[in-house]
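Spelled out from the first residue to the last, the chains are:
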Amino acid sequence: MTELSFVHRFERGARPESRPLLILHGTGGDEHDLMPLGKMVAPGAPLLSPRGKVLEHGMPRFFRRLAEGVFDEEDVRARTHELADFIEAARKAYGIAVPVAFGYSNGANIAAAVMLLRPEALAGGILLRAMVPLAKAQAAAGLGGKAALIISGARDPIAPAANAARLTAMLEQAGAEVDHRILAGGHELSQGDVNLAREWLQGQEAALAAAS
Ligand code: MLT
């Protein structure tokens, strides 16, 4: 077992040459939760899935929040760098390429923060039920040539689609090409998310193969 700074799960997959997914769970989840979805979205791809280090009443998360939807932005920044450093170390340890993030809820929010603050750490992102993680993230132009898929739920009270639209604008300002889709449901995931994510990833294959 490789010594890395996050408890995590790694599966090399049957197609180890394909673009890896960095799997990031929601509040109260762990490194096992979204592995089945990751396998549906990117069959055979290497999967790297860390467990968030912050505990909220015993529930793992990737950064602290002060209330529902109100984030401790100092902690968001520190945890974002910690996660980006882990990605780098895990890439070396396992010999994998820069991953595409596949995050849900709190995991989508830390993925968005990594894209904004450490754009080199990710090749792109699939952000499910995401919201703006940092109110005043400086729009560095570091996401040129990278793409993100954001999927919101039309009746999601936790991560409203209007908030995800603001995140879309922030990522676009930093140079990313963002596809923001809105499904009929709420905060929960559905087969529609898996289908959209898989199609989007297949559409990105050529661009991702050309990236570092
Ligand atoms: C967050 O705290 O990141 C969002 O409110 C989503 C959640 O984890 O409930």
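All of the points below concern the structure found in this document. (Residues numbered from 1 in each chain as written. Predicted model: local features only at pLDDT ≥ 70, side-chain atom pairs only at ≥ 80, totals over all residues. Heavy atoms only, no water.)

As a further point, take the pairing of strand 2 (residues 21–24). Neither face of strand 2 is open: one carries Leu21 and Ile23, the other Leu22 and Leu24, and all of them are buried. Of the strand pairs in this sheet, strand 2 and strand 3 (residues 47–50) are connected by two bridges, and their pairing is parallel. By the bridge assignment for strand 3, Leu21 is matched with Leu47. Considered for its hand, the β-α-β crossover made up of strand 2, helix 1 (residues 35–41) and strand 3 is right-handed. (Buried < 20%, exposed > 50% of the residue type's maximum accessible area, 1.4 Å probe, protein only. Helix = DSSP H or I, 4+ residues; strand = E, 2+ residues; numbered from the N terminus. Pairing = 2+ DSSP bridges. Right-handed = clockwise from strand over helix to strand, strands pointing away.)

Turning next to the environment of Phe10. Following the sequence through the fold, Phe10 ends up in strand 1 (residues 8–11). Sequence separation between Phe10 and Ile23 is 13 residues, and the spatial gap between their C-alpha atoms is 9.9 Å. Sequence-distant contacts of Phe10, defined by excluding residues within four places in its chain, comprise Pro46, Leu47, Leu48, Tyr94 and Ile96. (Contact = heavy atoms within 4.5 Å.)

Applying the stated criterion to the full structure yields three aromatic pairs. A ring pair is formed by Phe6 and Phe86, whose centres lie 5.1 Å apart and whose planes are at 50°; its orientation type is tilted. Of this pair, Phe6 sits in the segment before strand 1 while Phe86 is found in helix 2 (residues 73–94), placing the two residues 80 residues apart along the sequence. Taking relative accessible area as the criterion, Phe6 reaches 5% and is therefore assigned buried. (Phe/Tyr/Trp six-rings, centres within 6.5 Å; stacked < 30°, edge-to-face > 60°.)

For the rest of this paragraph, the subject is helix 4 (residues 161–173). Across its 13 residues, helix 4 extends 18 Å between first and last C-alpha, which sits within 8% of the 18 Å expected from 1.5 Å per residue. By the burial criterion, the buried members of helix 4 are Ala161, Asn163, Ala164, Leu167, Thr168, Met170 and Leu171. Relative to the axis of helix 4, the buried residues are bounded by an arc of 165° and lie together on one face. Across from the buried face of helix 4, at angles greater than 90 degrees, the exposed residues are Ala162, Arg166 and Gln173. Contact partners of the buried residues in helix 4: helix 3 (106–117), strand 9 (124–128), strand 10 (147–153) and strand 11 (177–183). Positive phi shows up at Gly175, right after helix 4, with a value of about 110°. (Expected span 1.5 Å × (residues − 1). Arc of directions from axis to C-beta.)

This paragraph deals with the pairing of strand 10. Look at any regular strand and the pattern is simple: side chains alternate between the two faces of the sheet. Burial analysis of strand 10 places seven of its seven residues in the buried class, the great majority of the element. Pairing geometry for strand 9 and strand 10, over five bridges, is parallel. Paired with Gly125 across the bridge in strand 10 is Ala148. As paired strands, strand 10 and strand 11 are joined by seven bridges and run parallel to one another.

The next point concerns empty space enclosed by the protein. Any space left empty among the atoms is revealed by the rolling of a water-sized probe across them. All told, the structure shown has one cavity of 30 Å³ or more when counted by the stated rule. The space that makes up the largest cavity amounts to roughly 30 Å³. Along the lines of polarity and charge, the residues of the lining of the largest cavity split into three nonpolar, one polar and three charged. (1 Å grid on protein atoms, 1.4 Å probe; cavity = no way out; pocket = protein on both sides within 12 Å on 5 of 7 lines; lining within 4 Å. Points joined across faces, edges and corners; volume = space filled by probe spheres on them. Nonpolar A, V, L, I, M, F, W, Y, C, P; charged D, E, K, R; others polar.)

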